[in-house]
Amino acid sequence: MKHLKWYQRFKSIQSSMVFAFVFLITFIVITSSTISLIFARQSARDSAVAYTEQIIEQISNNIEYYVREMDNVARGLTFSLDVIEYFEGDTDIGTKNRVKLQMEKLLTGREDIIAASLFGYNQDVISYQDKELNPYVNITDSKWYKGAVVFSGKPYVTASYVQNIYQGSYPWVVSMSSEFKNLEGDKSLGVLVIDMNYKIINDICNKVTLGDKGYVYIIDGNGAIVWHPSQKLINTGIYDEVVEDMILLDDGNYEFTQNDEQKIYTMTTSSLTGWRIIGVTYEDELVKNQSRMALLFIGVAAISILVSFVISSVIAATLSKPIKKLRKSMVKVQGGNLEEVVEIENNNEIGELSHTFNAMTRDIRSLIEANNKEQKLKRQSELKALQAQINPHFLYNTLDSIIWMSMADKKEEVVEMTSSLAKLFRLSINRGKEMIPIADEVSHVEHYLTIQKYRYSDKLTYSIELDDKLRHVTTLKLLLQPVVENAIYHGLKYKEGGGHIALNIYQENEQVVMKINDNGVGMTPEQLDNIFETKESSKGSGVGVLNVYERLKLYYGDEAGMTYNSTLGIGTTVTIYFPVRMEVTGDEA
Amino acid sequence: MKHKRLWLAVVGMLLVLLVLTVTVTIRTNNRERTRHVVIVLKSREYSEFWQEVISGAIKGTENENITYEIVGGEDENDVTGQIALLNKVIEQKPDGIILAASDHFRIDPITKNIMDAGIKLVLVDSGVTGDNYNSFVSTENYMAGYKAGLELGELMNNPEYVVIVNHVQGALTAIEREQGFKDAMKMLYNDATIGIFYANDKEEAAERYVTQLIQYGIQIDGIVALNEVSTIGTANALNPYHELIHVPFVGMDNSIDEIRYLEKGVIDKLIVQQPFYMGYTSMGTLIDAMKGDRVKDKIDTGSKVITRDNMYDEVNQMLLFPFNESEGPLDTE
């Protein structure tokens, strides 16, 4: 459970790194794209407007240039002495012919000029190429006539219209008219009208393209349409154009929604003609480029998000890999494997962490080793000390007994006792080995009992039962002797008559059980409770049962133990048990 | 590992979606395919009227993805030629046809073939007897006649005798215009007697007839002529007498001769069709039909009343003196 949780949390570090990277880059890309789009849109609009301004300025210049040229032609007539003379009343046929000649000179070869006429206030008319006048038209009703009178000498330019003053022809023209005066300039003599082919304007305007749908149109100062690509549709009423509004506005850019379409109107006014030249561009054409740009940005955004995802995945994986490794090692160490060493791949924080972890594991390992060594050492020294404790007291007593027996001249007994003592010591020392076969331990205690039997004459009897299977099973040495000694000194010594010690060694399950039974005085419950606390303070042989118990515990741990069972006046039974372990080193002498 | 795959899947899906959106957007931008339209006229010799119809139709293709070609018979009465032409056009399988039928009986079966071939069909000016077409765009002749009646009625005071100079007896346009005029008269002056003369599309016939009426001293309180030829013929007849005794006269259609008579005062009013508008509307309607939109099966492009006073109005002068927008004003000399 804990393992899985850790793993998940670890995983989420990697995921959240990827998420953070992707989120950040997406945010940056989208923000910058949006800002660029807004700027691009603005600049697209600006450049469209700038382009339109240029175009309409060009048209205005072309028209003004043309009108100026016409004005020059007009001046050639209105300031002509012959013209002034003729219309001042000199009705000489020669003067009239000179005027006609002048007209010829100025107008021949100019296909853009359809007609020109001088209308005198004296009702006299001179027409270029002697055109017949339309008898049903009153020229004073004409716009060009009224305009010229109002402008009083300055050139007046009409909007486009059908010229009907000449018999049999109805051409589309733009007329320039001006009133001409006498030399002093105080008397108006008549009106000159020059009809220019409308085709000129048409050609100038028709060539213009503003995007796919954009166009140019011209209105005069009164709001009459001079030129419009869809003029017929406007007349039919199925197409609307912004006309009145434009008259009220100054030059500049305006936005109108018209025929359900957003359009940008750019206007410039020609000062010479009073015409307003208006360029129209469609908003949706700007937007069309815009959407193309947006698509590009989306593509770039998509690619950068993908790339950022891949890169951040790689980065996150690279960063989290050593963490993962470290974690695995930690889990192993937690499970007890102190041999685990984390490989250090780089010198970043994780590398340092791994390094520290390795050092820690190493320290723990050496600490445990040191501790083990110390423990072993301590046990060995203790064991040696304990083994060494046995001897002196018993030796004095035994030697005392031998002396007494020698004095009593009990030769055979002395031999047997001395031999037993010698064997006892040999076994005790036993090349310093801690572990001996049970057979040896038994013969050791038997030698001891032999000696004690002699010392206590016939007051002591004993019996030994050893399961033959156990002969080669190892045991901690000097287990039985201290217990037997204790039984003799504390149990049997005070007993009237003879005492008996029964030794019974057998196997029960996987345990060796040693039972030492005496029929001595027994112990009180209090004594029984304090049995392991007698310690060194007690006299006697010195190696107490406590010693046996401690050694058992030291060597076997919890698997071994020692119990006392005693009834006052009946006897005591000591049980020692420990696991069966075969001798490793083979036979023992 | 599972997490990573999930992430990859999510991002992959995102990408696929994006690519799809981009493709779809680009497709949508270019989806409007080019359509081909054949304009089949009665004659390859375009009168001023048909010139205007054509320029209107061309104007209608502006800002649309349309290619077009214009074909026609030998002359206005070349019905066989137009039939052969139409059969060829059907084989060509254009997306749409604008047709001015040269004969409303004989062309009728062809219109069925056109529709059966899955070609959208808009009839312009002259229709057929059946209804195998998407739309019929024309001047509503009955309304034009009715308008003529109203306009003439304004010029007269309790007339007793009114004369109609019509073109061909039994012709569809003649019948419709005549009926419109009669209905207007009935409404205004129920008691007036109406005489009808068919000039059979001959100026001289109309002129002779009206001249005779005048010379015989027959009382005429008003005259209406219901097409161009009849109007000119009638005006020719009235011209010598008009300063002496003016007969209220309303004509129809638009020509340079009629305009001169209008300026002079022989003709009081002209009921004028709007051919540019007619051409423009027929193309617009055809485009709508080709795009799959529903279109009206009959569209009246209306007529205008032109008088001496309003003929040079900004709006009317363009109708009376049309110019070809790409080539400048037509020289009407």
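Residues numbered from 1 in each chain as written. Chains lettered and ligands numbered in written order. Predicted model: local features only at pLDDT ≥ 70, side-chain atom pairs only at ≥ 80, totals over all residues. Heavy atoms only, no water.

(A) Summary view of the confidence of the model for chain A. Residue and element names in this part refer to chain A. Averaged over chain A, the pLDDT score is 82; the fraction of residues at 70 or greater is 91%. No element of chain A has a lower mean pLDDT than helix 14 (residues 525–529), which averages 77, and none a higher one than strand 5 (residues 188–197), which averages 92. Counting contacts from residues 535–542, a segment whose pLDDT is below 50, to residues more than four positions away or on other chains yields 10 contacts. (pLDDT = per-residue confidence, 0-100. Helix = DSSP H or I, 4+ residues; strand = E, 2+ residues; numbered from the N terminus. Contact = heavy atoms within 4.5 Å.)

(B) Representation of the sheet that holds strand 1 (residues 35–43) of chain B in the model. Residue and element names in this part refer to chain B. With parallel pairing, the 6 strands of this open sheet are ordered in space as 2-1-3-4-5-11. Each having just a single partner strand, strand 2 (66–73) and strand 11 (298–300) make up the two edges of the open sheet. Pairwise comparison of adjacent strand axes, ignoring direction, gives a mean angle of 20° for this sheet. Sheet topology places strand 1 next to strand 2; 8 bridges connect them, and they run parallel. Paired with Leu-41 across the two strands is Gly-72, which belongs to strand 2. (Pairing = 2+ DSSP bridges. Axes fitted to C-alpha atoms, helices over the stretch in contact; angles between N-to-C directions.)

(C) Main features of helix 7 (residues 203–215) of chain B. All names here are of chain B. Relative to the 18 Å expected for 13 residues at 1.5 Å per residue, helix 7 spans 18 Å between its end C-alpha atoms, a close match to the ideal helical length. Ala-205, Ala-206, Tyr-209, Val-210, Thr-211 and Leu-213 are the residues of helix 7 that are buried. Along its buried surface, helix 7 packs onto strand 6 (161–166), strand 7 (193–198), strand 8 (222–225) and helix 8 (228–238). Two residues or fewer past helix 7, Gly-217 is found with a positive phi of approximately 70°. (Expected span 1.5 Å × (residues − 1). Buried < 20%, exposed > 50% of the residue type's maximum accessible area, 1.4 Å probe, protein only.)

(D) Structural context of unusual backbone geometry. Within the chain, A:Gln123 stands out as a residue other than glycine whose phi angle is a positive 75°. Positionally, A:Gln123 belongs in the loop between strand 1 (113–120) and strand 2 (125–127). One non-glycine residue with positive phi stands out, namely B:Asp253, at about 70°. In this structure B:Asp253 comes out as buried when scored by relative accessible area, which is 15%.

(E) Looking closely at the pattern of salt bridges. Residues and elements named next belong to chain A. Applying the stated rule across the entire model yields 21 salt bridges over all chains. Residue Asp-71 pairs with Arg-75 through a salt bridge whose shortest N-O separation is 2.9 Å. Of the two residues, Asp-71 and Arg-75 both sit in helix 1 (residues 2–78), 4 residues apart, roughly one turn of that helix. Under the relative-accessibility criterion, Asp-71 is labelled buried at 14%. The class of Arg-75 is partly exposed, set by a relative accessible area of 42%. Among the charged side chains, a salt-bridge network with shared partners connects Arg-45, Glu-255 and Glu-283. (Salt bridge = Lys/Arg side-chain N within 4 Å of Asp/Glu carboxyl O.)

(F) A look at the pairing of strand 10 (residues 269–273) of chain B. Residue and element names in this part refer to chain B. A large share of strand 10 lies buried, amounting to 5 of its 5 residues. Taking every second residue as pointing to the same face, both faces of strand 10 are buried, with Lys-269, Ile-271 and Gln-273 on one and Leu-270 and Val-272 on the other. Of the pairings in the sheet, the one linking strand 9 (residues 249–252) to strand 10 comprises 3 bridges and is parallel in character. Paired with Met-252 across the two strands is Ile-271, which belongs to strand 10. Viewed along the sheet, the connection from strand 9 through helix 9 (residues 256–264) into strand 10 turns out right-handed. In terms of strand pairing, strand 10 meets strand 12 (residues 303–307) through 5 bridges, oriented antiparallel. Looking at strand 12, one finds that Lys-269 is bridged to Thr-307. (Right-handed = clockwise from strand over helix to strand, strands pointing away.)

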